[in-house]
Amino acid sequence: MSAFGSTLANTNPNRSTEVVHPPTDSVSSLCFSPKANYLVATSWDNQVRCWEMMRNGTNLASAAKAAMSHDQPALCSTWKDDGTTVFSGGCDKQVKMWPLGGNAVTVGTHDAPVKEVAWIPEMNMLVSGGWDKTLRYWDLRQQSPVHVQQLPDRCYALSVRHPLMVVGTADRNLVVYNLQNPQAEFKKIVSPLKYQTRCVAAFPDQQGFLVGSIEGRVGVHHLDDTQQSKNFTFKCHRENTDIYSVNSLNFHPVHHTFATAGSDGAFNFWDKDSKQRLKAMSRCSQPIPCSAFNNDGSIYAYAVCYDWSKGAENHNPATAKAYIYLHAPQESEVKGKPRVNTGGRNTVSNNSTAAIDGISERPGEPWETSIPIIMVGTLETT
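Keep in mind it's a predicted model, so treat the numbers as computed, not measured. Residue numbers here run from 1 along each chain, matching the order of that chain's written sequence. Confidence filtering applies because this is a predicted model: local features only for residues at pLDDT of at least 70, side-chain atom pairs given and counted only at 80 or more, and all residues used for totals across whole chains, interfaces and linings. Values shown for side chains rest on all heavy atoms present in the structure; no hydrogens or waters enter the calculation.

J.: Any chance you could explain the overall build of the chain here in plain terms?
T.: A helix here means a DSSP run of H or I that spans at least four residues, while a strand means a run of E at least two residues long, and both kinds are numbered starting from the N terminus. If you tally the helices and strands in the chain, you get one helix and 35 strands. Remark: exposure states derive from per-residue accessible area (1.4 Å probe, protein chains only) relative to the maximum for the residue type, with buried under 20%, exposed over 50%, and partly exposed in between. Looking at the chain as a whole, 55% of its 382 residues are labelled buried. A 1.4 Å probe and the Shrake-Rupley method give the accessible areas. Residues count as covered only by the protein chains that appear here. Counting every atom, the chain has about 15800 Å² of accessible surface; 45% of that belongs to carbon and sulfur.

Rendered as structure tokens:
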């Protein structure tokens, strides 16, 4: 296993382009403008930074443009749909609005740190999720929230594809909202994954969502009760007996395949429909805490830095450095492929055990169904 934080270890084995002037502490979120190649990062040094990305053929470059500060570590970020404004939240309990080229102002506050923010253009509102166990909807013309929605526990993850919004909280709750009626829960379920939720991503077609956990596993869930047979979970971000958190889930904006990034320092591209891994990238020497595609899917940005998963004793401030890298995905890495059987139909059922890619599967996990297993480049399904 790579020694996280080692100065000799390779943080860039995939030869990605390094973003200039990175944060001075761990990166907590990344998001691209929906209109242009501007990237925003929040970090534990309290800063919200913005870079412009330039592309010349296959060559990528970056230029630092602006920055603003929270009073405490910044945890989350999102863009307004017109690409003019950035929103962020942090441990100072504040939700901030930053018109690029202007000064940041406070939209509102929570009673505890703000973990997630998302702009909902169809409602012309901002939603924020906090560790105070609430969602708050903000009309930018007033400082008090339009609506405060109680959550079953602390907000850990949030994803919006209007009218679908999915919120992951502590205690493995997954709460689904129909934003045409945001004051009522549409559905609440317990995560199919046995361990803490780290990230969620709503399907581009709004028919379901992905959920990732700290136990190197992703669940694929459909909302329609008639589609429950399509639900499954699969293992990822593991090496031998070492199991790492899945920290980030991002759908490709064109091909609707998705990327996972984890504390093993790897990012992979997957196709949920054919149940195949499209590309496994080389492991970086530090965790990847967050990632994002740009608006046309031609750039995948990912941060490489310590994620505190091994505690303060494994953090060396003298050698620790945060990196943000840019990967230009090839079409073969992110475009879905037809399902290919290699002779016969292989299935994993609730009372069977199979081994794929050298990882032994455990029967009896939640949401196990009889699903086809493609023996070449497949998801390690359970």
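J.: Looking at this model, I keep getting lost on the sheet that holds strand 25 (residues 258–262). Mind explaining?
T.: The strands making up a sheet associate through hydrogen bonds between their backbones, and the pairing can be parallel or antiparallel. Note on pairing: DSSP must find at least two bridges between two strands before they are called paired. In space, the four strands of this open sheet follow the order 24-25-26-27, with antiparallel pairing throughout. The sheet is open, and its two borders are formed by strand 24 (246–251) and strand 27 (276–280), each paired with just one other strand. Ignoring which end each strand starts from, the neighbouring axes of this sheet average 25 degrees apart. Bridge count for strand 24 against strand 25 is five bridges, and the pairing is antiparallel. Bridge pairing in strand 25 links phenylalanine 251 to phenylalanine 258. For every element, the axis is a line fit to its C-alpha atoms; helices are fit only across the contacting stretch, and the angle between N-to-C directions ranges from 0 to 180 degrees.

J.: What am I meant to see in the pairing of strand 30 (residues 323–327) here?
T.: In the case of a regular strand, side chains alternate between the two sheet surfaces. Of all five residues that make up strand 30, five are buried, and the element is covered over most of its length. Along strand 30, one buried face is formed by Tyr323, Tyr325 and His327 and the opposite face, lined by Ile324 and Leu326, is buried too. For strand 1 (residues 17–18) and strand 30, the ladder comprises two bridges, and the chain directions are antiparallel. Opposite threonine 17, over in strand 30, you have leucine 326 as the bridge partner.

J.: Even after reading the chapter, I still don't get the UniProt feature "repeat: WD" (unreviewed entry) in the chain, so can you show me in this structure?
T.: UniProt positions are given in the numbering used here, feature names are shortened, and annotations may be inferred rather than shown by experiment. In this structure's numbering, the residues bearing the UniProt feature "repeat: WD" (unreviewed entry) are residues 20–53, 67–98, 107–148 and 246–280. Helix makes up 0% of residues 67–98 and strand makes up 62%, while its end C-alpha atoms are separated by 10 Å.

J.: Could you clarify how one ought to interpret the pattern of salt bridges in this entry?
T.: Think of it this way: side chains of opposite charge can pair up when their charged atoms draw near. By convention in these notes, a salt bridge is any Lys or Arg side-chain nitrogen within 4 Å of a carboxyl oxygen on Asp or Glu. All chains considered together, the criterion is met by 13 salt bridges. Where arginine 141 meets aspartate 139, a salt bridge forms, and the shortest distance between an N and an O atom there is 2.7 Å. Given a relative accessible area of 74%, arginine 141 falls into the exposed group. For aspartate 139, a relative accessible area of 13% gives the class buried. Note that lysine 272 is salt-bridged to aspartate 273, the shortest N-O span being 3.0 Å. When salt bridges with common partners are traced through the structure, they connect Asp111, Asp132 and Arg136 into a single cluster.

J.: When you look at the sheet that holds strand 4 (residues 47–56) in this model, what are you seeing that I'm missing?
T.: With antiparallel pairing, four strands are arranged side by side in an open sheet as 2-3-4-5. Since the sheet does not close on itself, it has two edges, and those belong to strand 2 (27–32) and strand 5 (59–69), each with one partner. Between one strand axis and the next, the sheet turns through 25 degrees on average, direction left out of account. By the bridge criterion, 10 bridges tie strand 4 to strand 5 in an arrangement that is antiparallel. Among the inter-strand pairings, methionine 54 is bridged to a residue of strand 5, identified as alanine 61.

J.: Please explain the packing of aromatic side chains as it appears in this structure.
T.: Working definition: a ring pair exists when centres of Phe, Tyr or Trp rings (six-membered ring for Trp) sit within 6.5 Å. Plane angles under 30 degrees give stacked, over 60 give edge-to-face, the rest tilted. According to the stated counting rule, one finds 16 aromatic pairs in the structure shown. Ring plane angle 45 degrees and centroid distance 6.3 Å describe the contact between phenylalanine 234 and phenylalanine 258, whose orientation is recorded as tilted. Separated by 24 residues along the polypeptide, phenylalanine 234 in strand 21 (residues 232–235) and phenylalanine 258 in strand 25 bring together distant segments of the chain. Taken together, the ring pairs connect Phe267, Phe269, Phe293, Tyr300, Tyr302, Tyr323 and Tyr325 into an aromatic cluster. To sit over a ring, a charge needs its Lys NZ or Arg CZ within 6 Å of the ring centre and within 35 degrees of the ring normal. We note lysine 272 situated over the ring of phenylalanine 203; from NZ or CZ to the ring centre the distance is 4.3 Å.

J.: I would appreciate a short explanation of unusual backbone geometry in the present structure.
T.: Where the residue is not glycine, phi is negative for most of them; where a peptide bond is considered, it is trans in most cases. Histidine 162 connects to proline 163 through a cis peptide bond whose omega is 5 degrees. Checked against the element boundaries, proline 163 lands in the loop between strand 14 (155–161) and strand 15 (164–169). The backbone of histidine 21 sits at a positive phi, close to 50 degrees, despite the residue not being glycine. Relative to the helices and strands, histidine 21 is located in the loop between strand 1 and strand 2. Here histidine 21 falls in the exposed class, since its relative accessible area comes to 60%.

J.: Mind showing me how you'd approach the side chain of serine 29 here?
T.: Take serine 29: it is sitting in strand 2. Judged by its relative accessible area of 9%, serine 29 is buried. Looking at serine 29, its side chain comes within polar contact range of the side chain of threonine 42, at 2.5 Å. Here the side chain of serine 29 touches serine 77 through a polar contact of 2.8 Å, side chain to side chain. Contacts are residue-level and defined by heavy atoms, with any inter-residue pair within 4.5 Å sufficient. In this structure, serine 29 is in contact with Val40, Ala41, Thr42, Leu75, Cys76, Ser77 and Cys290, ignoring residues within four places of it in sequence. Two N or O atoms count as a polar contact when they lie within 3.5 Å, although within protein this holds only if one can serve as hydrogen donor and the other as acceptor, and sequence-adjacent residues are included solely when both atoms are side-chain atoms.

J.: It is not clear to me how the nonpolar core should be interpreted in this structure. Could you clarify?
T.: Across soluble globular proteins, you tend to see nonpolar side chains buried next to one another. Among the buried residues, those of types Ala, Val, Leu, Ile, Met, Phe, Trp, Tyr and Cys that are joined through side-chain atoms within 4.5 Å form a nonpolar core. Formed by 19 residues in total, the largest nonpolar core has its most connected members in Val27, Leu30, Phe32, Leu39, Met53, Ile324 and Leu326. Contributions of two or more residues to this core are made by strand 2, strand 3 (38–43), strand 4, strand 29 (300–304) and strand 30. A total of three residues in this core trace back to one element, the largest contributor, which is strand 2. Counting 15 residues, the second largest nonpolar core, distinct from the first, contains Leu278, Tyr302, Val304 and Tyr325.

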